[in-house]
Amino acid sequence: MSERIRAAITAVGHYVPEKILSNKELEKMVDTTDEWIVTRTGIRERRILEQGGTSELAAPAALACLKNRGIEAGEIDVIIVATISPDMFFPSTACLVQEKIGAKNAWCFDVSAACSGFVFALVTGCQFIEAGTYKKVLVIGSDKMSAITDYTDRNTCVLFGDAGAAVLLEPSDDPNLGVMDHRLYSDGAGKNALYQKGGGSLNPPTYQTIDNKMHYIYQDGKSVFKVAVIGMADVSAEIMKRNNLTGADVDWLVPHQANLRIIDACRERMNLDPSKVMINIDKYGNTTAATIPLCLSEWWHAGKLKRGQKVVLSSFGAGYTWGAVLVNWSIDPKS
Ligand code: UT7
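Residues numbered from 1 in each chain as written. Predicted model: local features only at pLDDT ≥ 70, side-chain atom pairs only at ≥ 80, totals over all residues. Heavy atoms only, no water.

Draft legend 1. Region of interest: the overall build of the protein. Of the regular secondary structure elements, the protein holds 11 helices and 13 strands. Since a compact globule built from 335 residues should have a radius of gyration of about 20 Å, the 19 Å found for the protein is in line with a globular shape. Based on the C-alpha atoms only, the size of the protein along its principal axes is roughly 60 × 45 × 40 Å. Look at the contacts in the protein between residues 6 or more apart in sequence, and 76% of them connect residues 24 or more apart. Approximately 14,600 Å² of the protein is accessible, and the part contributed by carbon and sulfur atoms is 50%. Each charge class in the protein was averaged separately, 35 positive and 38 negative side chains, and the resulting centres sit 3 Å apart. (Helix = DSSP H or I, 4+ residues; strand = E, 2+ residues; numbered from the N terminus. Rg over C-alpha atoms; globule rule 2.2 N^0.38 Å. Contact = heavy atoms within 4.5 Å. Areas by Shrake-Rupley, 256 points an atom, 1.4 Å probe, with all protein chains shown as cover. Lys, Arg positive; Asp, Glu negative; His and termini not counted. Charge placed at Lys NZ, Arg CZ, Asp CG, Glu CD.)

Structure below.
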């Protein structure tokens with residue numbers, strides 16, 4: 001029998017727009033304070049894409065990733081974009097990225113799993129590599145959350161930001177390195193706690209849906225907080241147990257960046273030292289599908305993510321959707 005092919009992340013890249021929206025600026029827009037936002041969420045500022053759609057975040061992230069790997073776009077077999085703020089319902093944002101970067105030989109589709117979009121897309125991409133069908137799969141998490149955020153609603157507008165980040169999946173050159181395990185979950189009973197009510201086939205856009213602000217994100221923050229704390233901690237603990245790992249064995253937790261308090265609860269449950277948690281929520285807020293690959297790319301660029309390290313990715317989001325992925329990191333640190 002031939003040996004099992006393992007998928008590995010072989011390159012990372014990211015893009016954040018230049019425009020910064022600070023808590024101080026939000027104080028002028030809605031009834032909020034920098035102090036409330038920082039203590040309740042950990043967010044200090046977020047980035048805003050002024051022109052163009054989500055593909056304008058995804059494409060530069062993809063190109064950065066290819067550059068870091070030193071390959072041409074034409075070598076990509078598959079492009080998967082995780083997003084809930086696609087440029088349009090169709091064609092897929094992945095097709096738009098394909099055209100923008102010139103990945104002529106790739107076939108392309110989007111994955112919709114909100115804040116868990118990247119981990120769901122990553123696991124999907126791994127299947128193509130592990131099956132031996134494809135050799136180079138580009139997985140991108142990208143969201144222009146500012147396009148669906150109501151900047152008169154203090155409950156949500158302080159939370160979200162725009163970013164894109166990408167990873168390349170290829171067959172691993174070492175069976176002990178790569179994407180080792182995953183646990184993914186969904187529970188549609190959470191559908192009304194975090195959603196965009198209008199614009200789809202249930203409530204197609206009308207003057208009324210616009211007047212009722214149904215095209216914006218709605219979140220019952222408290223309800224989501226309660227299940228997110230449990231869901232992210234449980235699934236992270238589960239993946240550690242399945243792989244006989246203690247807090248001492250894990251080198252990095254890469255949590256979805258929705259709320260610093262949720263991240264802390266997850267870290268405590270995993271019994272991890274705070275220095276092992278990737279946190280950039282202060283700079284970018286919640287960029288939905290982009291948070292986890294954005295962390296991976298920033299930490300790799302900073303030379304802090306090293307070959308052989310054990311990395312746990314963990315997310316919770318709308319749906320509900322949640323999951324964790326264990327990665328034995330396979331790229332040498334950026335020198
Ligand atoms: O990424 C996908 C998954 N999403 C999440 O994981 C997010 C989960 N939820 C959360 O992170 C938190 O629930 C929030 C950050 C959204 C809110 O924090 P909270 O501690 O749960 O606050 P709350 O919603 O219970 O609101 C507490 C108070 C309320 O006032 P009253 O009713 O006590 O008078 C809110 O109206 O804080 C008020 N409030 C604000 N005050 C100042 C809500 N938003 C703001 C604001 N500035 N921006």
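Now that the structure has been shown, we can carry on.
Draft legend 2. Representation of the pattern of salt bridges in the model. Across all of its chains, the model carries 13 salt bridges by this definition. Measuring nitrogen to oxygen at the nearest pair gives 3.6 Å for the salt bridge that ties Arg307 to Asp173. Of this pair, Arg307 sits in the loop between helix 11 (291-301) and strand 12 (310-317) while Asp173 sits in the loop between strand 7 (162-171) and strand 8 (178-186), and the two are 134 residues apart along the sequence. Here Arg183 ties to Glu238 by a salt bridge, and the two come within 2.8 Å at their closest N and O atoms. Residue Arg183 is found in strand 8, and its partner Glu238 is found in helix 8 (residues 221-242); the two are separated by 55 residues along the sequence. A cluster of three or more residues bridged by salt bridges with shared partners is formed by Arg69, Lys136 and Glu170. (Salt bridge = Lys/Arg side-chain N within 4 Å of Asp/Glu carboxyl O.)

Draft legend 3. Representation of helix 5 (residues 117-130). Its 14 residues give helix 5 an end-to-end C-alpha distance of 20 Å, which sits within 8% of 20 Å, the value for a rise of 1.5 Å per residue. Along helix 5, 11 of the 14 residues are buried, which leaves the element largely enclosed by surrounding structure. Along helix 5, the positions that sit buried rather than exposed are Gly117, Phe118, Val119, Phe120, Ala121, Leu122, Val123, Gly125, Cys126, Phe128 and Ile129. Positive backbone phi, at 80°, marks Gly132, one or two positions downstream of helix 5. (Expected span 1.5 Å × (residues − 1). Buried < 20%, exposed > 50% of the residue type's maximum accessible area, 1.4 Å probe, protein only.)

Draft legend 4. The arrangement of the packing of aromatic side chains in detail. Scanning all chains against the criterion turns up 9 aromatic pairs. Between Phe128 and Tyr134, the ring centres sit 6.0 Å apart and the planes meet at 80°, which makes this aromatic pair edge-to-face. Taking relative accessible area as the criterion, Tyr134 reaches 24% and is therefore assigned partly exposed. An aromatic cluster of three or more residues is present, and its members are Trp107, Phe109, Phe128 and Tyr134. (Phe/Tyr/Trp six-rings, centres within 6.5 Å; stacked < 30°, edge-to-face > 60°.)

Draft legend 5. Expanded view of the sheet that holds strand 5 (residues 107-111). Read from one edge to the other, the open sheet built from 5 strands follows the order 1-7-6-4-5, with strand pairing classed as mixed. Two strands close off the open sheet at either side, each with one partner strand: strand 1 (7-15) and strand 5. Mean inter-strand twist for the sheet, computed between neighbouring axes without regard to direction, equals 20°. Sheet analysis places strand 6 (residues 137-144) next to strand 7, joined by 8 bridges and oriented antiparallel. Within the sheet, the bridge partner assigned to Ser142 lies in strand 7 and is Gly164. On the sheet, helix 11 packs against strand 1, strand 6 and strand 7 and is oriented at approximately 90° with respect to strand 1. (Pairing = 2+ DSSP bridges. Axes fitted to C-alpha atoms, helices over the stretch in contact; angles between N-to-C directions.)

Draft legend 6. Fine view of the environment of Met29. Of note, Met29 is situated in helix 1 (residues 23-29). Using a relative accessible area of 39% as the deciding quantity, one classes Met29 as partly exposed. Residues Met29 and Ala289, spaced 260 residues apart in sequence, show a C-alpha to C-alpha distance of 26 Å. In this view, Met29 contacts Leu21 and Tyr151; residues no more than four positions away in its chain are not counted.

Draft legend 7. View of the nonpolar core. Leu253, Met270 and Val312 are the most contacted members of the largest nonpolar core, which has 39 residues in total. Among the elements of the structure, helix 8, helix 9 (260-270), strand 12 and strand 13 (321-328) are those that each provide at least two residues to this core. A total of 6 residues in this core trace back to one element, the largest contributor, which is helix 8. Each of two domains, domain 1 (7-171) and domain 2 (178-328), supplies a minimum of three residues to this core. Excluding residues within four positions of it along the chain, Val312 makes contact with Ile239, Val250, Trp252, Leu253, Val254, Met270, Val325 and Leu326. (Core = buried A, V, L, I, M, F, W, Y, C linked by side-chain atoms within 4.5 Å. Domains from an automatic or database assignment.)

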